[in-house]
2 protein chains.
Amino acid sequence: MSDYTPPRVWTWEKESGGTWASQNRPIAGPTHDKDLPRGDHPYQLYSMGTPNGQKVTILFEELLAAGHPTEYDAWLIDISEGDQFGSGFVAVNPNSKIPALMDHTGDTPVRLFESAAILLHLAERYDAFLGPDRPEMLSWLFWLQGAAPYLGGGFGHFYAYAPEPMEYPIDRYAMETKRQLDVLDRHLADRRFLAGDSYTIADIATFPWYGRLVFGKAYDAGEFLSVQDYTHVLRWAHEIDARPAVRRGTRVNRTGDDPSFVRERHAASDLD
Amino acid sequence: MSDYTPPRVWTWEKESGGTWASQNRPIAGPTHDKDLPRGDHPYQLYSMGTPNGQKVTILFEELLAAGHPTEYDAWLIDISEGDQFGSGFVAVNPNSKIPALMDHTGDTPVRLFESAAILLHLAERYDAFLGPDRPEMLSWLFWLQGAAPYLGGGFGHFYAYAPEPMEYPIDRYAMETKRQLDVLDRHLADRRFLAGDSYTIADIATFPWYGRLVFGKAYDAGEFLSVQDYTHVLRWAHEIDARPAVRRGTRVNRTGDDPSFVRERHAASDLD
C-alpha cells in the first residue's frame, strides 16, 4: 500500500511533472507582456505543429486545395519556451493552449480557441468537409475532443514524459487508449471515413492523434500498444496520410530537424 | 525511484482500477444482447444523471420551458451495472458512454452520442441557447469537452476512486484542475456567462462539472482544491443553479436516495 496521504488543502510547493513540468501551473493568465505578430492574410494562426496544431493547418491546406480563399499566416507559439503565456496569446486564448486563431475576414476581428472550434468555424464558413451526415460528424468530432486527453495527457504523459514509470497510471491509460483504438477499428471496419463515405473535419481532427499512433510515431509506443492489430484504423490513416493537403499541413509550425518542416508559414511557397 | 519497468507489449492481465474497475476494458463492442426500450416521444435519451448526462437533461428542460416541442423519454443506463455494454446501446453509441440520443423527429431516426454533440444538435434545431457570438460559444463548448477529462478521468479518478492515493497523479491533476478553475474565474470576472451576456449551451455543458465542483459536491474535494477562492465561478454557478429548468434537469436519471431524484423521466409530471 501507498504511504502517501493527501494534505487537507493542496498547495503548489514544487516543480514536478517530468518533461513539460515548467509549462504546468495551477494558475491561469499571462506571465509576461508580449504582443502577437500580425501578417497580411485574413487568418492569423498562432500555433505549433503538435497533433492539435496539425488539425488546423491540415484544414487550411485542404480548403486552399479546394479553391477557398483561406490564405493564412501560421506563427510559431513555442510551448517549450512558454510563448503560450505571453499577454498577446492569452488575450486570444485565455486557456494558454495552442492553436488559437484570429479571424479578420469580417468587419470586427474575432478570436477562436480550441482546435475543433476552429475546424467547425472554418468548415461552416466555406460549407466544406462537413459531410452530409451532420449528427454523425458532430458525434465523432466531439468524441475526439473528449478522447484525446486520455491518449495525450494520460497515456502519453505517463508512458513518455513522467519522471519515472508508474504502473497503475500506465495500465489505466494503456487500457483506455487500446479501447479507443478498438472503438475506431470496429467503426471503420465497414466505413471509409468516420462519418461515412465523406472525408470530414472529424477525420481531420482524429488523424493527427490516432493516425500517428497507429503509424508507431507517437510516444514510441507502437509495440507496447500492438498498434498493428488495428488494421481498419491503419487503412483509414494511410488513405488520409496520402492526401497532398495533409502532407502539407502536417509540416507547418514544426521545430524539429526534418528538412521538410517549416517553423512558420506565410505563403504557399513556404511549403512548395 | 520506481522499481516498475513497463513490459515490451501491454497485455490485459488483471482487473484493476478502483471503484469503476469492472467498467474499464481495453476492447470495445457489446458484452451482451439487450435491446433498448422506446417510448412515445420524439426524443429517446439513454443516459444517467452524471455530469455528462445532466448537460442534456438540463437542455431538454430549458427547451421545454422556452416552449419548444422537445418532449423526451429519459431511460436509465446504469453504468455501474454495465448497461452501456448492451448491444442496443452500443448501436447508438459505439463508445459505450452515456448520454446517447435517438432523434425520431425526422423521416429517418438518427443517432447522436457525446453530450456536447447532442447539445449542439438540439440547440441548432430550435435556434436556442446558442447566443449571438458563435465563435466564443464554440470555443468554450469545445474547451469544456477537452477540459473535463482532466477533472473527471484525471483528478476525480485519482483523488476519489483509485485503489490507493498516489502522490504524483494527484498533484498533476489537482494542479490542472485549479488552473482550469482559474481560467474560468478570470474569464467570468467581467462576463455574466461564458460566451458573454447570453446563457448558452457552453454554460449548460460547464455547469454540471465546474459548478458542482465549486459547490464542494464533487469528489468531496472542496477544501482540498480551495474552491471558495473562485468567487466569480461561484457567482456564475449560483445564477445557473437557480434556474428552474436546471433544477429539473439535474434530477433526471439519478439513482441515489434523495427523494427529489427520478430514475427515469417520461412525462413532465414525473418532475412536478
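Reading guide: rules and limits
Residues numbered from 1 in each chain as written. Chains lettered and ligands numbered in written order. Predicted model: local features only at pLDDT ≥ 70, side-chain atom pairs only at ≥ 80, totals over all residues. Heavy atoms only, no water. Helix = DSSP H or I, 4+ residues; strand = E, 2+ residues; numbered from the N terminus. Expected span 1.5 Å × (residues − 1). Buried < 20%, exposed > 50% of the residue type's maximum accessible area, 1.4 Å probe, protein only. Least-squares fit on C-alpha atoms with pLDDT ≥ 70 in both. Contact = heavy atoms within 4.5 Å. Phe/Tyr/Trp six-rings, centres within 6.5 Å; stacked < 30°, edge-to-face > 60°. Pairing = 2+ DSSP bridges. Axes fitted to C-alpha atoms, helices over the stretch in contact; angles between N-to-C directions. Domains from an automatic or database assignment. Buried area = accessible area lost by both parts, 1.4 Å probe. Salt bridge = Lys/Arg side-chain N within 4 Å of Asp/Glu carboxyl O. Polar contact = N/O pair within 3.5 Å; in protein donor to acceptor, adjacent residues only side chain to side chain. Nonpolar A, V, L, I, M, F, W, Y, C, P; charged D, E, K, R; others polar.

**Student:** Got a sec to walk through helix H5 (residues 167–188) of chain B? Specific residues and values, please.
**Tutor:** Between the first and last C-alpha of H5 of chain B there are 31 Å, a value that for 22 residues agrees with the 32 Å anticipated at 1.5 Å per step. For H5 of chain B, the tally of buried residues reaches 20 of 22 residues, placing the bulk of the element in the interior.

**Student:** Describe the relation of the copies chain A and chain B, and please don't skip the residues or the numbers.
**Tutor:** Superposition of chain A onto chain B requires a rotation of 180° combined with a translation of 0.0 Å along the rotation axis, giving an RMSD of 0.0 Å. Here the two chains are linked by the operation of a two-fold rotation axis. Within chain A, Gly146 of chain A has its C-alpha nearest the rotation axis, a separation of 2.7 Å. When you check the interface residues of chain A against chain B, 100% turn up at the interface there too, and the contact is symmetric in its surfaces.

**Student:** Tell me about helix H3 (residues 115–126) of chain B, and name the residues and values.
**Tutor:** Residues and elements named next belong to chain B. With twelve residues, H3 should cover 16 Å at 1.5 Å per step; its first-to-last C-alpha distance of 17 Å lies within 8% of that length. Along H3, ten of the twelve residues are buried, which leaves the element largely enclosed by surrounding structure. Within the span of H3, buried status applies to Ser115, Ala116, Ala117, Ile118, Leu119, Leu120, His121, Leu122, Ala123 and Tyr126. One or two positions beyond H3, positive phi appears at Asp127, with a value near 45°.

**Student:** Give me the packing of aromatic side chains: which residues, what numbers.
**Tutor:** The final tally for this structure, using the stated rule, is 35 aromatic pairs over all chains. For the pair Tyr168 of chain A and Phe158 of chain B, a centre-to-centre distance of 5.9 Å together with 80° between the ring planes defines the contact as edge-to-face. Residue Tyr168 of chain A is located in helix H5 (residues 167–188), and its partner Phe158 of chain B is located in helix H4 (residues 134–161); the two belong to separate chains. For Tyr168 of chain A, a relative accessible area of 14% gives the class buried. The class of Phe158 of chain B is buried, set by a relative accessible area of 2%. An angle of 40° between the planes, with centres 5.7 Å apart, marks the rings of Trp143 of chain B and Tyr210 of chain B as tilted. Residue Trp143 of chain B is located in helix H4, and its partner Tyr210 of chain B is located in helix H6 (residues 201–214); the two are separated by 67 residues in the primary sequence. You'll find Trp143 of chain B and Tyr210 of chain B in the same group, each marked buried. One aromatic cluster in this structure is built from Phe155, Tyr159, Tyr161, Tyr219 and Phe224 of chain A.

**Student:** Tell me about the sheet that holds strand S1 (residues 43–47) of chain B, and name the residues and values.
**Tutor:** All names here are of chain B. What the four strands build is an open sheet, ordered S2-S1-S3-S4; its pairing is mixed. Every interior strand has two partners, whereas the edge strands, strand S2 (72–76) and strand S4 (110–113), have only one. The average angle at which neighbouring strand axes cross in this sheet is 20°, direction not considered. By the bridge criterion, four bridges tie strand S3 (residues 100–103) to S4 in an arrangement that is antiparallel. Paired with Leu101 across the bridge in S4 is Leu112.

**Student:** So what's going on with the domain arrangement of chain A? Residues and values would help.
**Tutor:** Residues and elements named next belong to chain A. The domains assigned to chain A are domain 1 (43–128 + 251–271) and domain 2 (134–241). Computed over C-alpha atoms, the centres of domain 1 and domain 2 are 22 Å apart. Between domain 1 and domain 2, the residue contacts involve 14 residues of the former and 14 residues of the latter. Sorting the residues of domain 1 by area buried against domain 2 places Pro51, Lys55 and Leu120 first, and these three jointly supply 40% of that buried surface. In this structure, Glu124 and Arg134 form a salt bridge, with 2.7 Å as the shortest nitrogen-oxygen distance. Inspection of the domain 1/domain 2 interface yields four residue pairs in polar contact (both at pLDDT 80 or more). Only helix H1 (51–65) and helix H3 (115–126) provide two or more residues apiece to the side of domain 1 that touches domain 2. For the side of domain 1 that touches domain 2, the leading source of residues is H1, giving seven residues. Among the residues forming the side of domain 1 that touches domain 2, the class breakdown is seven nonpolar, three polar and four charged.

**Student:** Go over the pattern of salt bridges with me, naming the residues and quoting the values.
**Tutor:** For side chains bearing opposite charge, pairing can occur when the charged atoms are close. Scanning the model with the defined rule gives 30 salt bridges over all chains in all. The closest approach of N and O atoms between Arg8 of chain A and Glu223 of chain B, which form a salt bridge, is 2.2 Å. Here Arg8 of chain A is found in the segment before strand S1 (43–47), whereas its partner Glu223 of chain B is found in the loop between H6 and helix H7 (231–241) on a different chain. In this structure, the salt-bridge partner of Arg247 of chain B is Asp241 of chain B, at a minimum N-O distance of 3.0 Å. What emerges from the salt-bridge pattern is a single network uniting Glu61, Glu71, Arg248, Arg265 and Asp272 of chain A.

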